[in-house]
Amino acid sequence: SRGLGDVYKRQALLRRWRSPALFLGGYALFVLAAGDIIAQRLDSRLAGDSMLTRVRIAEAPAVRGDALLLHLEPAGDARIPPRIRVSWFDPPWVPALGEVWELELRLRRPRGNFNPGVFDYETWLFREKVHATGYVVGGKRNRLLWSDTATWLARYRADFVWHAEAAAESDAAAAVLAAIGVGLRHKVSREQWDRFAVSGTSHLMAISGLHVGLAALAAFVVAYASTGWLAGQANSYVLAVVVGALCALAYALMSGFGVPARRAVIMLTVVAVAIVRRRTVDPMAAVALAALIVFAADPVATMTPGFHLSFAAVLVLLWLARRREAGAPVARWLHAPRQLLVMQVFLLFGLMPLTSLLFQRFAVVATPVNLVAVPVFSFVIVPLTLAALTFLRWSEALTGLFLQAAARCIEALDRFIDCMVALPYANTMLAEIRGVAWLFVLLPLAWVVLPRGWPGRHVAVLGVIAIVMWRPPPPPIDCFDSWVLDVGQGLAVVVQTHEHTMLFDTGMAWRSGGSVAVQSILPFLRSRRLERIDWLVVSHDDLDHSGGLAAVRDALPVGAVITGEAATPGGNRQCVSGDRWSSGHIDFTVLHPAAETPDSGNAASCVLRVAAGDHGLLLTGDIEAEAERTLIQNGARIASDIVVVPHHGSMTSSSVPFTDSVRPDFAVISAGYANRWDFPKPRIVERWRAQGARVLNTATDGAVHFRVCARDGVHGPGIERRLRHRFWHAAT
């Protein structure tokens, strides 16, 4: 009996420690996989150098404005890491998937800007296993070497895209066909992605469990119909199930084998094996097994939104199915519309905690749009696309016919979506979840978890309202918040008082058509629920300060647009020394340029001091030594607790008399990481430090936040790169 008791004790001990051991083992596996990705990054000694190398086009190129986005892999060059992402401006033609080129590349290690509430590009590069980024240096050295190197699968996918473009009347419909047919989403435009996000239909553009399941079902029906009538065929059902699972696997491989497709294939395989062995399947166990296999094969995949949303959606639907088993109707198809509505509502409440955290968006029209879009995709568009994919090499006529019918349905659905997203409040952006808002995030799950009829279930509706209405509290009436945003080589500073918002400069615009305003400034403002800019100050007309002006004005209501140079497009008021305005107890004073000064360029930069009592922030644009001397001679009040260092730390600015006069506690430099001008200059950094200032640089620190109050001075700094740093991020 003593021996039996020892066995029971050991078993109890194993059960007690099993979960912690599995967690630690999983964490170790993730760290090992992450370390492997980090170890394969570009050698830091090669960063910034031009390299002539041979590379293979690893993914279909995406056109963005007058630039191409290319994912490349090395073709025999050990200097090049396994996967790189580059831009190519004005290429001679668009390269094809699988081609081998000799290109002159300038690369750097993966790095992104750090701003509160803004998409973490650096983490995205990590989870996509991109080991270097950069651009193609223009010139005659870039040339195509071999064009017939694509695999059979790559050629098949490219053929499908070509047929889709030929069959569809619009580029938008062709892009959707390529996305749902073979998983190539490179032709989906930014405008389309925005429309899908607002309407809550982005999931239809991914090869999800829905698409894989439909492929399996179609194969099962065809196989069962083909074999069931044969005399003596006793196992036609089992054979059809196996054929369905194999076709689902083939389709998933054809589409790129993303996380949702992997999950669906594993679960279908489990079901197929259970049917062959005549066993029952626990759906929750199948989901758990799928999650375990996906994690074991690719631990970093657990960071993707597709992993979280795919498994969460399946769990919500399984929970709904389990709750409705007891009262299943006799004629299920008669209740299909109601069941679809219940399913969409459950998904809305069940996935809202994830979508609010991942995308900071509440798709108000998602439920009505999906009530139409999901059946149309499930029963019309996807089956037609799968049929075209099947007949691609057998009959061009049938392939074109199927694709034309699918394209017409997509175009009709697009018109419906356009009408829905044009409705008021369809695009509801959410504030960044922080502080007390974390208490609201899980409340919508009450609608999913609690049984129908429970009084507490309706707290889910209050949770949704709370998340939608939540906004971070503004600073007290005698304080202001300032953020020097991380916008690369440029400048953008947001100042928020208790009642108003000012934006000082709008960062850079790029040849590809994008801008820092769209990438960083506007997402940051939305994350704070700052829905209006009362004063938009553009220090001068250099592109790295005024590049995002049009984008900001198009996106948000703007009050006064104050410009340092009179010729700046879009301005309605010139920045003139002596101008003052207030917001509560916060004073804004323009110190430069004078009204009669004919300066232009850097010399005309608007200099603005924001003050709470005796404490202030000095914004200097790109003024140089002469303008600094003018400020001192005119007796301007430039002494401040915080200064945004002039001209990104150039040697032409931050003269000794100027630094002596400002004498700040903090000097913030807005500069791009490893920029070609080597800003900030080391002598300038030391000059500010000699005045007792703590020097901060957005290139290495990310966005910098301060709260300045009349009574107790400066609170901070909040350094974003340190607050959000993870081990896969580049070192500060």
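One structure accompanies this document, and this report is about it. All residue numbers refer to positions counted from 1 along the written sequence of the respective chain. Owing to the predicted nature of the model, reporting of local features is limited to residues with pLDDT of at least 70; listing and counting of side-chain atom pairs is limited to 80 or more, with chain, interface and lining totals taken over all residues. Hydrogens and waters are ignored; side-chain quantities use all the structure's heavy atoms.

1. Overview of the sheet that holds strand β16 (residues 580–583)
(1) Moving on: In this analysis, strands are considered paired if DSSP registers two or more bridges between them. To qualify as a helix, a DSSP run of H or I must reach at least 4 residues; to qualify as a strand, a run of E must reach at least 2; elements of each kind are numbered from the N terminus. Reading across the sheet, the 7 strands line up as β16-β17-β18-β19-β20-β21-β22 and stay open at both edges, with mixed pairing between neighbours. Among the strands making up the open sheet, the edge pair consists of β16 and β22 (694–697). Going across the sheet, the axis of each strand differs from the next one's by a mean of 20°, ignoring polarity.
(2) Moving on: Across 5 bridges, the pairing between strand β18 (residues 607–612) and strand β19 (residues 615–619) is antiparallel. Paired with Ala-611 across the strands is Gly-616, a residue of β19.
(3) Moving on: Here, two residues are considered to be in contact whenever any of their heavy atoms come within 4.5 Å of each other. An axis is simply a line fitted to the C-alpha atoms; with a helix, the fit covers only the stretch in contact. Between two such axes, the angle follows the N-to-C directions and lies from 0 to 180 degrees. Relative to the sheet, helix α22 (residues 682–690) contacts β20 (642–644), β21 (666–669) and β22, its axis offset from that of β22 by approximately 145°.

2. Things to note about a nonpolar patch on the surface
(1) Moving on: The patch calculation keeps residues exceeding 30% relative accessible area without a salt bridge and links them within 9 Å when they carry like charges or within 5 Å when they are nonpolar (Val, Leu, Ile, Met, Phe, Trp, Tyr). The Shrake-Rupley method, run with a 1.4 Å probe sphere, supplies the accessible areas, and residue values consider only the shown protein chains as cover. By salt bridge we mean one thing: a side-chain nitrogen of Lys or Arg within 4 Å of a carboxyl oxygen of Asp or Glu. Taken together, the side chains of Phe-23, Leu-24, Tyr-27, Val-31 and Phe-727 define a hydrophobic patch exposed on the protein surface, amounting to about 530 Å² of accessible area.
(2) Moving on: Residue position: Phe-727 is located in the segment after α24 (720–723).

3. Comments concerning the sheet that holds strand β11 (residues 493–496)
Two orientations exist for strands paired in a sheet by backbone hydrogen bonds: parallel and antiparallel.
(1) Moving on: The 8 strands are arranged β15-β14-β13-β12-β11-β10-β23-β24 in an open sheet whose pairing can be described as mixed. Both outer strands of the open sheet, β15 (573–574) and β24 (713–719), are each paired with one neighbouring strand and no more.
(2) Moving on: Here strand β10 (residues 479–484) pairs with β11 via 4 bridges, running antiparallel. For Asp-481, the partnering residue across the bridge sits in β11 and is Gln-496.

4. Some thoughts on the pairing of strand β6 (residues 132–136)
Looking down a regular strand, the side chains alternate between one sheet face and the other.
(1) Moving on: Across 4 bridges, strand β4 (residues 84–89) lies against β6 in parallel orientation. Looking across to β6, one finds that Val-86 is bridged to Gly-134.
(2) Moving on: Sheet topology note: the strand β5 (residues 100–108)/β6 ladder contains 4 bridges and is antiparallel. Within the sheet, the bridge partner assigned to Arg-106 lies in β6 and is Tyr-135.

5. Some thoughts on the pattern of salt bridges
(1) Moving on: In the structure shown here, the tally under the stated rule is 25 salt bridges.
(2) Moving on: A salt bridge links Glu-59 to Arg-83, with the nearest nitrogen and oxygen atoms 2.8 Å apart. Here Glu-59, found in the loop between β1 (50–57) and β2 (62–64), pairs with Arg-83, found in the loop between β3 (67–74) and β4; they are 24 residues apart in sequence, far enough to count as distant.
(3) Moving on: Whether a residue is buried, partly exposed or exposed follows from its accessible area with a 1.4 Å probe, protein chains only, as a fraction of its type maximum: under 20%, in between, or over 50%, in that order. Residue Arg-83 is classed as buried on the basis of its relative accessible area of 17%.
(4) Moving on: Of the charged contacts in the structure, one is a salt bridge between Asp-298 and Arg-262, with a shortest N-O distance of 3.9 Å. Placement of Asp-298 in the loop between α9 (283–297) and α10 (305–324) and of Arg-262 in helix α8 (residues 259–276) is noted, with a sequence separation of 36 residues between them. Of the two residues examined, Asp-298 and Arg-262, each falls in the buried class.
(5) Moving on: Three or more residues are tied together by salt bridges with common partners; here these are Arg-54, Glu-102 and Arg-143.

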